[in-house]
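# Tertiary structure, described
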Amino acid sequence: DAGVIQSPRHEVTEMGQEVTLRCKPISGHNSLFWYRQTMMRGLELLIYFNNNVPIDDSGMPEDRFSAKMPNASFSTLKIQPSEPRDSAVYFCASSSVAPGELFFGEGSRLTVL
Amino acid sequence: AQSVTQLGSHVSVSEGALVLLRCNYSSSVPPYLFWYVQYPNQGLQLLLKYTSAATLVKGINGFEAEFKKSETSFHLTKPSAHMSDAAEYFCAVSEDGANNLFFGTGTRLTVIP
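As a starting point, this report considers the structure included with it.

About the thresholds
- Residues numbered from 1 in each chain as written.
- Chains lettered and ligands numbered in written order.
- Predicted model: local features only at pLDDT ≥ 70, side-chain atom pairs only at ≥ 80, totals over all residues.
- Heavy atoms only, no water.
- Contact = heavy atoms within 4.5 Å.
- Buried area = accessible area lost by both parts, 1.4 Å probe.
- Salt bridge = Lys/Arg side-chain N within 4 Å of Asp/Glu carboxyl O.
- Buried < 20%, exposed > 50% of the residue type's maximum accessible area, 1.4 Å probe, protein only.
- Helix = DSSP H or I, 4+ residues; strand = E, 2+ residues; numbered from the N terminus.
- Pairing = 2+ DSSP bridges.
- Axes fitted to C-alpha atoms, helices over the stretch in contact; angles between N-to-C directions.
- Disulfide = S-S within 2.5 Å.

## Observations regarding the interface of chain B and chain A
Listed per partner, the contact involves 17 residues of chain B and 20 residues of chain A. Counting each side, the surface lost to burial between chain B and chain A is near 1500 Å², with a carbon and sulfur contribution of 53%. Viewed at the interface, chain A and chain B are joined by 1 salt bridge. Between glutamate 101 of chain A and lysine 49 of chain B there is a salt bridge, with the nearest N and O atoms lying 2.5 Å from each other.

Quick look at the structure:
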């Protein structure tokens, strides 16, 4: 099994630029999650989807952040415009029916200058 | 509201010594509880989970955790630390058995040779 695949692994951009992070969940998993990890705030849930439908986006910091899941095998997290405080590692995770068993990707490390 | 508190952001043990990582939870209903491990530059991996069956839960790599309702605790232990156990460990809780987990702030384990 290929696992959860995220791209890019590293992204360095300048303030004001648009950033798009991508995620391919494990085939057959029906839930997908986006988390953000920083030293200051730890691991925060941004949004999660169930069967491609956004269920809870209360963790999305502000309107600059948006996430989509057009089909069961692909999701994007977009930041427009990006700011230095968005610098973090963004993780995508997927799961099937077993409660709490999330499978994480290796993360996308974003640096906004 | 559900939450977890991990006591000690850093724990150091000698190789071969007992590992004890502390986690206390807050939940208004019987919770689902989890321990995840994160190795450097990787995503989180599930170590073990408690879902209201046996209170002593065994996980991978020789780790186990005991659910103690009276103490609202779910501490992680391993009898003998190995160098490969050096990582960050996260406790997580879910009240509804769904997959939106709330993670603690993590405990970084260092193993001294």
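The discussion continues.
## Overview of the pairing of strand β4 (residues 32–38) of chain B
All names here are of chain B. Across the 7 residues that make up β4, a large majority, 6, are buried. The sheet contact formed by β4 and strand β9 (residues 87–94) spans 7 bridges and is antiparallel. Among the inter-strand pairings, tyrosine 36 is bridged to a residue of β9, identified as phenylalanine 90. Here β4 pairs with strand β5 (residues 44–50) via 6 bridges, running antiparallel. Residue pairing across strands places leucine 33 opposite tyrosine 50, the latter belonging to β5. Here β4 folds back onto β5 in antiparallel fashion, the turn holding 5 residues, of which asparagine 41 has a positive phi close to 60°.

## Thoughts on the sheet that holds strand β8 (residues 74–79) of chain A
Residue and element names in this part refer to chain A. Spatial strand order, β1-β3-β8-β7: 4 strands in an open sheet with antiparallel pairing. Sheet topology places β1 (5–7) and β7 (65–71) at the edges, where each strand pairs with a single neighbour. Mean inter-strand twist for the sheet, computed between neighbouring axes without regard to direction, equals 15°. Two elements, β1 and strand β3 (residues 19–24), share 3 bridges in a ladder whose sense is antiparallel. Counted as the bridge partner of glutamine 6 is cysteine 23 from β3.

## Brief notes about the state of the cysteines
Residues and elements named next belong to chain A. All chains considered together, the criterion is met by 2 disulfides over all chains. At a sulfur-sulfur separation of 1.9 Å, the disulfide partner of cysteine 23 is cysteine 92. On the sign convention where negative means left-handed, the S-S torsion of about -65° between cysteine 23 and cysteine 92 marks this disulfide as left-handed. Residue cysteine 23 is found in strand β3, and its partner cysteine 92 is found in strand β9 (residues 88–95); the two are separated by 69 residues along the sequence. Overall, the relative accessible area of 2% leaves cysteine 23 in the buried class. Given the relative accessible area of 0%, cysteine 92 is considered buried.

## Some remarks on the side chain of serine 94 of chain B
Residues and elements named next belong to chain B. Looking at where serine 94 falls in the secondary structure, it is placed in strand β9. Overall, the relative accessible area of 1% leaves serine 94 in the buried class. Discounting residues that sit within four places of it in the chain, serine 94 has contacts with Gln2, Pro31, Tyr32, Phe34, Asn100 and Leu101.

## Section: the sheet that holds strand β7 (residues 64–68) of chain B
Residue and element names in this part refer to chain B. The strand order across the open sheet formed by 5 strands is β1-β3-β8-β7-β6, and the pairing between neighbours is antiparallel. With partners counted over all chains shown, the strands left at the sheet margins are β1 (3–7) and β6 (56–58), one partner each. Along the sheet, successive strands turn relative to each other by an average axial angle of 20°, direction set aside. As paired strands, β6 and β7 are joined by 3 bridges and run antiparallel to one another. Within the sheet, the bridge partner assigned to valine 57 lies in β7 and is alanine 65.

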